[in-house]
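Here is how the chains run, residue by residue.
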Amino acid sequence: MPNATQQLEQVIDRIRRARNFDFHNYKRATIQRRVERRMSDRQCGTMTEYVALLDRSPEEYDALLASLFIKVTSFFRDEETWDLLANKVLPDLVTGKSPGDQIRIWSAGCATGEEVYSAAMLLAELLGPKIQNYQVKVFGTDVDEGAIAHARHGFYSAKAVAELSKERLSRFFTRVPGGYSVSKDLRRLVVFGVNNLVSDAPISHLDLLLCRNVFIYVDAALQKRVLSRFHYALRHGGALVLGKSELIPFAAKIFEPIDPSRRVYRRGARGASTNVDGLLGQLEQEEVARAVRQGREELAGGNADLNRDALQSMPL
């Protein structure tokens, strides 16, 4: 009879096989709580009963994944961070840009899109009419297809926009029955898509990358893997914003601090530090070795699926 830990691993393995999403590097306490919440909703008294439910009702996987994905977001959440972006980070990034240049921002793990539209609003306010002189794209991605569909729709309730100033609400939204719709001018700046930070290629040539309150749910090994990919995705001088509760030592080793207390970093200028290249090179070797070991284990168990982790660790 499997114990509770083994039963949770069975659920994680079933999710990977059924929906091709790997939670093995996610913190077990978080997964445990959310699985137990689904068990309670479905009136399953034990994990064994819930595993049986997954086996006979595959649609339960969708509900389980929806509960595992984090969707805590709002417009201009953590006001101090957005003030720093508006007054220092974005002006510094725009300085030196010439007409026709690209300005590329990525909100990774954007949930229902509020952060993406917030970044687009800041950029529109900073550049004013001159924004038309640049190739601006603000990308928003998440693993949750339902959340991305919501973001693309661009409709938010009155409660969701209640904290926005009257000026922003008037300029960037249109009142519609039941709430507010994002204006066409703002929509033209944004692109939404489904993206898995672990298995999908990151968006590249970025000036600003926001990934807040995602790393607190994953272990140190996965944090390093994703942060190293972010390092390659950013332009030299590009900025990275993590969540204010995410104190990750590895981030401070490969990025220069802009405001450590708010977890805002910069990718250093070209050639600024050979130590960074050494750290990333070492991490890449570790990831390739890990992928080879895992591949051998899978083959030994009769699983001939291609292992993607070696490719994931390679620089863009």
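Residues numbered from 1 in each chain as written. Predicted model: local features only at pLDDT ≥ 70, side-chain atom pairs only at ≥ 80, totals over all residues. Heavy atoms only, no water.

Quick rundown of the overall build of the chain? Include the residues and the values.
For the chain, the count of helices and strands is 13 helices and 10 strands. Scored against the burial criterion, the 316 residues of the chain give a buried share of 47%. Counting only contacts in the chain whose residues sit at least 6 apart along the sequence, the fraction spanning at least 24 positions is 72%. (Helix = DSSP H or I, 4+ residues; strand = E, 2+ residues; numbered from the N terminus. Buried < 20%, exposed > 50% of the residue type's maximum accessible area, 1.4 Å probe, protein only. Contact = heavy atoms within 4.5 Å.)

Can you lay out the sheet that holds strand 10 (residues 264–266) for me, pointing to particular residues and giving the numbers?
Pairing in this open sheet of 7 strands is mixed, and the strands run 6-2-1-7-8-10-9 from one edge to the other. Strand pairing shows two members of the sheet lacking a second neighbour, strand 6 (190–194) and strand 9 (256–259), which therefore form its edges. Sheet twist, expressed as the mean angle between neighbouring strand axes with direction ignored, is 20°. Note that strand 7 (residues 206–211) and strand 8 (residues 234–242) share 5 bridges and pair parallel. Paired with Leu-210 across the strands is Val-241, a residue of strand 8. Contacts from helix 5 (residues 79–94) reach strand 1 (102–108), strand 7, strand 8, strand 9 and strand 10, with the element oriented near 160° to strand 7. Helix-sheet contacts for helix 7 (residues 145–153) involve strand 2 (135–142) and strand 6, and the interaxial angle to strand 6 is about 165°. (Pairing = 2+ DSSP bridges. Axes fitted to C-alpha atoms, helices over the stretch in contact; angles between N-to-C directions.)

Summarise the side chain of Asn-213; cite the residues concerned and give the values.
If you trace the backbone, Asn-213 turns up in the loop between strand 7 and helix 10 (220–233). When neighbours within four sequence positions are excluded, Asn-213 is seen to be in contact with Arg-77, Gly-243, Ser-245 and Glu-246.

So what's going on with helix 3 (residues 47–56)? Residues and values would help.
Every buried residue of helix 3 is accounted for by Met-47, Tyr-50, Val-51, Leu-53 and Leu-54. Looking straight down helix 3, one finds that the buried residues subtend no more than 155° of arc, so they occupy a single side. Of the surrounding secondary structure, the elements contacted by the buried residues of helix 3 are helix 1 (4–19), helix 2 (28–41) and helix 4 (60–68). (Arc of directions from axis to C-beta.)

Kindly report on the pattern of salt bridges, identifying the contributing residues and their values.
Where charged atoms from two side chains of opposite charge approach closely, those side chains can pair. Following the criterion strictly, the structure yields 16 salt bridges and no others. We note a salt bridge from Arg-212 to Asp-78, for which the minimum N-O separation is 3.5 Å. Here Arg-212 is found in the loop between strand 7 and helix 10, whereas its partner Asp-78 is found in the loop between helix 4 and helix 5, with 134 residues between them in sequence. Neither Arg-212 nor Asp-78 differs from the other in exposure class; each is buried. Between Glu-115 and Arg-212 there is a salt bridge, and its shortest N-O distance comes to 2.8 Å. Of this pair, Glu-115 sits in helix 6 (residues 114–127) while Arg-212 sits in the loop between strand 7 and helix 10, placing them 97 residues apart in sequence. Comparing Glu-115 with Arg-212 shows no difference in burial state: the two are buried. By sharing partners, the salt bridges in this structure join Arg-38, Asp-41, Arg-42 and Glu-60 into a single network. (Salt bridge = Lys/Arg side-chain N within 4 Å of Asp/Glu carboxyl O.)

Mind laying out the sheet that holds strand 3 (residues 155–156), listing which residues take part and the relevant values?
Strand order across the open sheet formed by 3 strands is 3-5-4, with antiparallel pairing between neighbours. Both outer strands of the open sheet, strand 3 and strand 4 (173–176), are each paired with one neighbouring strand and no more. Direction of pairing for strand 3 relative to strand 5 (residues 179–182): antiparallel, over a ladder of 2 bridges. Across the sheet, the residue bridging to Phe-155 is Ser-181, located in strand 5.

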